[in-house]
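# Overview (structure and organization)
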Amino acid sequence: MESFIYIPIIFFALFILVSSFFVVKQKTAAIVERFGKFQVIRQSGLQLKIPLVDKIAGKLSLKIQQLDVMIETKTLDDVFVRLKVSVQYRVIKDKVYDAFYQLDYPHEQITSYVFDVVRAEVPKMKLDDVFVKKDDIALAVKAELNEAMSEYGFDIIKTLVTDIDPDAQVKEAMNRINAADREKTAAQFEGDAARILIVEKAKAEAESKRLQGQGIADQRREIARGLEESVEVLNKVGINSQEASALIVVTQHYDTLQSIGQHTNSNLILMPNSPQAGSQMLNDMVASFTASNQIGEAMKNAKNK
């Protein structure tokens with residue numbers, strides 16, 4: 001009977017012994033109160049407290065935490081835009097007391113400061129500047145939060161503007177502007193390419209004409225040289241220059257007829273093309289040369305008299 005009396009005492013003693021010890025995880029701080037009054041801050045590891053007297057009032061994580069805040073505000077050019085600001089913070093190890101007792105809801109406090117700073121900075125900027133200067137907004141938020149939250153035991157590690165989302169119609173208009181600008185640039189490049197093509201084609205045609213003219217000049221020079229040699233040969237056999245010239249013209253006439261005859265599908269007609277045309281042409285040329293010489297001699301005699 002006496003053994004049954006000691007059983008509750010043993011259980012009570014075990015309960016007291018077990019409740020005297022508690023474990024604090026790594027990167028965590030435990031706040032111990034005694035009869036409702038702050039007693040001590042315990043760090044990670046196995047810790048001891050007085051049972052039924054000391055109580056763990058709460059625990060704070062010393063790890064870096066992140067709070068995402070969504071804010072809707074208006075820009076300088078009257079565009080409503082939603083921003084997502086990510087705040088990375090942690091409890092200062094030496095200020096666990098301030099972080100636990102001075103603020104009940106640190107997330108709400110940080111959110112309020114973020115709203116205040118963003119809604120003060122963004123309305124000073126146009127929409128395009130918000131995208132360009134998002135780092136300036138993040139720095140302004142960090143500076144304001146550090147100044148306000150350090151006295152409460154919180155250290156602001158970094159603030160980031162991770163998303164900027166204008167109204168759907170504004171985004172569609174921006175996409176149209178971007179597309180129009182790209183089309184304008186493409187049209188300019190196409191115009192430059194067409195202009196270069198025209199210039200190069202004109203240069204090629206000019207070079208072709210130059211070479212063609214040079215070829216014609218060379219051809220005529222060689223023809224003249226050949227005629228000169230032919231006249232010299234005919235002069236050697238007793239044919240004067242006038243007769244030689246007439247003979248060469250007639251010869252070229254028949255060469256032309258021969259060349260035309262070699263192309264069966266040729267539509268070229270040489271006038272005159274009768275068999276008597278060659279001899280008639282020769283007689284006419286000889287007569288004209290003779291008359292020309294007589295007129296020249298008469299003019300010379302008249303001038304001498």
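Residues numbered from 1 in each chain as written. Predicted model: local features only at pLDDT ≥ 70, side-chain atom pairs only at ≥ 80, totals over all residues. Heavy atoms only, no water.

Looking at where M149 falls in the secondary structure, it is placed in helix α5 (residues 134-149). Put simply, M149 and Y113 are 36 residues apart on the chain and 9.4 Å apart in space, counted from C-alpha to C-alpha. Leave out the neighbours within four places in its chain, and M149 touches L103, Q109, I110, Y113, F154 and I156. (Helix = DSSP H or I, 4+ residues; strand = E, 2+ residues; numbered from the N terminus. Contact = heavy atoms within 4.5 Å.)

Below, the discussion takes up the side chain of T75. Its location among the elements puts T75 in the loop between β6 (65-74) and β7 (80-91). The contacts of T75, once residues within four sequence positions are left out, are V81, V122, P123, M125, K126, L127 and V130.

Okay, the sheet that holds β6 next. Overall, antiparallel pairing links the three strands, which are arranged β6-β7-β8 in an open sheet. Sheet topology places β6 and β8 (154-166) at the edges, where each strand pairs with a single neighbour. The average undirected angle you get between the axes of adjacent strands in this sheet is 20°. Looking at chain direction, β6 and β7 are connected through 10 bridges and run antiparallel. (Pairing = 2+ DSSP bridges. Axes fitted to C-alpha atoms, helices over the stretch in contact; angles between N-to-C directions.)

To continue, consider the pattern of salt bridges. Here the structure, examined in full by the defined rule, presents seven salt bridges. Note that R34 and D54 form a salt bridge whose closest N and O atoms lie 2.6 Å from each other. Here the residue R34 occupies a position in strand β2 (residues 28-34), and D54 occupies one in strand β5 (residues 54-61), the gap between them amounting to 20 residues. Residue classification places R34 among the partly exposed residues on the basis of a relative accessible area of 28%. Given a relative accessible area of 8%, D54 falls into the buried group. (Salt bridge = Lys/Arg side-chain N within 4 Å of Asp/Glu carboxyl O. Buried < 20%, exposed > 50% of the residue type's maximum accessible area, 1.4 Å probe, protein only.)

Among the nonpolar cores identified, the biggest contains 35 residues, and V114 and I137 are the most heavily contacted of them. Those elements giving two or more residues to this core turn out to be β2, β6, β7, α2 (96-101), α3 (106-121), α4 (127-132), α5 and β8. Considering every element that reaches this core, the biggest residue donor is β7, with six residues. Sequence-distant contacts of I137, that is, excluding residues within four places in its chain, are made with L83, V118, V122, M125, V130 and V161. (Core = buried A, V, L, I, M, F, W, Y, C linked by side-chain atoms within 4.5 Å.)

It is worth spelling out the packing of α3 against α5 at this point. At their nearest, the axes of α3 and α5 sit 9 Å apart, and the two run at 140° to each other. What the angle tells us is that α3 and α5 run oblique. Relative to α5, α3 is oriented so that their crossing is right-handed. Where α3 abuts α5, its residues Q109, I110, Y113, V114, V117, V118 and E121 lie against I137, A140, V141, E144, L145, A148 and M149. (Parallel < 35°, antiparallel > 145°, perpendicular 65-115°, else oblique. Left-handed = near helix turned anticlockwise from the far one by under 90°.)

Moving on, we get to the confidence of the model for the protein. Detailed reading of the predicted coordinates is not advisable wherever pLDDT is low. Of the residues in the protein, 78% have a pLDDT of 70 or more, and the chain-wide mean is 79. When mean pLDDT is compared element by element in the protein, β7 scores highest at 91, while helix α7 (residues 241-261) scores lowest at 66. (pLDDT = per-residue confidence, 0-100.)

This part covers a nonpolar patch on the surface. Together, I7, I10, F11, L14, L17, F21, V23, L46 and L48 make up an exposed nonpolar region whose accessible area comes to about 920 Å². Broken down by element, the nonpolar patch gets its largest block of residues, five residues, from helix α1 (residues 2-19). Its place among the elements puts L14 in helix α1. (Patch = residues over 30% accessible without salt bridge, like charges linked within 9 Å, V, L, I, M, F, W, Y side chains within 5 Å. Areas by Shrake-Rupley, 256 points an atom, 1.4 Å probe, with all protein chains shown as cover.)

Further remarks concern the side chain of K49. Here K49 lies in the loop between β4 (45-48) and β5. The side chain of K49 sits in the buried core without any salt bridge; D54 is the nearest counter-charge, 7.1 Å away. (Lys, Arg positive; Asp, Glu negative; His and termini not counted.)

Scanning all chains against the criterion turns up five aromatic pairs. Considering the side-chain rings of F38 and Y97, the 4.9 Å spacing of their centres and the 70° angle between planes classify their relative orientation as edge-to-face. Residue F38 is located in strand β3 (residues 37-42), and its partner Y97 is located in helix α2; the two are separated by 59 residues in the primary sequence. Residue Y97 is classed as partly exposed on the basis of its relative accessible area, which comes to 39%. When the ring of Y97 is compared with that of Y101, the centres are 4.8 Å apart and the planes differ by 40°; the resulting orientation is tilted. Taken together, the residues span about one helical turn, with Y97 and Y101 both in helix α2 at a distance of four residues. The class of Y101 is partly exposed, set by a relative accessible area of 30%. Among the aromatic side chains, those forming a connected cluster through ring pairs are F38, Y97, F100 and Y101. (Phe/Tyr/Trp six-rings, centres within 6.5 Å; stacked < 30°, edge-to-face > 60°.)

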